[in-house]
Amino acid sequence: EYATMNIPGSTSVPGAELVLRASRAAPDPETTIIVNCAGRTRSIIAAQSLINAGIPNKVRALRNGTMGWTLAGHTLEHGAGRRGDVGLYENAANNARDVAYRAGVLHLRPDDARALEADASRTLYRFDVRERDEYAAGHIPGFRHYPGGQLVQEIDNAAPVRGAHILLTDDKSVRADMTAS
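What counts, and at which threshold
- All chains use their own residue numbering, which begins from 1 and follows the written sequence.
- Predicted model: local features are reported for residues with pLDDT of at least 70 only, side-chain atom pairs are reported and counted for 80 or more only, and whole-chain, interface and lining totals are derived from all residues.
- The side-chain values count all of the structure's non-hydrogen atoms but skip hydrogen atoms and water molecules.
- Should DSSP find at least two bridges between two strands, the strands are taken to pair.
- A run of DSSP states H or I qualifies as a helix once it reaches four residues; a run of E qualifies as a strand once it reaches two. Both are numbered from the N-terminal end.
- Using protein atoms alone on a 1 Å grid, points that fit a 1.4 Å probe yet trap it form a cavity, whereas open point sets bounded by protein on both sides within 12 Å along at least five of seven lines form a pocket; residues with an atom within 4 Å of a point count as lining.
- Grid points are joined across faces, edges and corners, and a volume is the space filled by probe spheres set on the points.
- Ten residue types, Ala, Val, Leu, Ile, Met, Phe, Trp, Tyr, Cys and Pro, are classed as nonpolar, four, Asp, Glu, Lys and Arg, as charged, and the remainder, Gly among them, as polar.
- Each residue is placed in one exposure class: buried if its accessible area under a 1.4 Å probe, protein chains only, is under 20% of its type's maximum, exposed if it is over 50%, and partly exposed if it falls in between.

## Quick look at the sheet that holds strand 7 (residues 165-169)
Part 1 of the argument: Strands sit in the order 6-5-7 across an open sheet of three strands; the sheet is parallel. The open sheet has two free edges, formed respectively by strand 6 (144-145) and strand 7, since each of these has just one partner strand.
Part 2 of the argument: As judged from the two bridges shared by strand 5 (residues 124-128) and strand 6, these two strands associate in the parallel manner. When the bridges of strand 6 are listed, Asp 128 appears paired with His 145.

## Quick word on the layout of surface pockets
Take a probe with the size of a water molecule and roll it over the atoms, and the empty space left behind shows itself.
Part 1 of the argument: Put simply, the largest pocket is a space of about 1,300 Å³.
Part 2 of the argument: What lines the largest pocket is a set of 45 residues, and nearest its centre among them are Thr 11, Ser 12, Val 13, Pro 14 and Asn 36.
Part 3 of the argument: By residue class, the composition of the lining of the largest pocket is 22 nonpolar, 16 polar and seven charged.
Part 4 of the argument: Estimates place the volume of the second largest pocket at around 780 Å³.
Part 5 of the argument: What lines the second largest pocket is a set of 26 residues, and nearest its centre among them are Leu 106, Ile 166, Leu 167, Leu 168 and Ala 180.
Part 6 of the argument: Contributing elements (two or more residues each) for the lining of the second largest pocket: helix 5 (110-118), helix 7 (148-153), strand 7 and helix 9 (174-180).
Part 7 of the argument: When grouped by side-chain class, the residues that make up the lining of the second largest pocket number 17 nonpolar, five polar and four charged.

## Comments concerning unusual backbone geometry
Part 1 of the argument: Positive phi is not limited to glycine here, since Asn 64 has a value of about 65°.
Part 2 of the argument: Given a relative accessible area of 28%, Asn 64 falls into the partly exposed group.
Part 3 of the argument: Even without being glycine, Ser 173 reaches a positive phi, approximately 70°.
Part 4 of the argument: Mapped onto the elements of the fold, Ser 173 is located in the loop between strand 7 and helix 9.

Next comes the structure, spelled out in structure tokens:
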């Protein structure tokens, strides 16, 4: 269901999930992590997110992603579906929070969120940035599902009103912190 096409032997880890799953996908800090997407935008964002969050591994973005892979004459694997397991590397959650803090992201208490909802003077977008199955298993009413990596790339479509508030949620905070940053 998740990875319909991928570079042979790769593990599918959507962008906002990378900080949450990188240590299980590449547990040896000497292993270089090469990030790719279909093109290049999300791979650049994802690679920089891992670097910003302080992962100990070397991180690279594959130029032109799976599209470049096929244009270079290499074959893609179809339907492999290998997924990275959840497993934070040491200090990942704190590092993600620091990345968000440096980017000016605010963490709200439930009362603060309710105040945003009550403010009719500004549009409020609410997104749950977890994976689809987690969202389907239960979510906060009023929050739309939008995976973090996709949200970053498609923010102009997902939240088109300029100056709106954007409120993200995630049960582990890491994905919301990295997406918001």
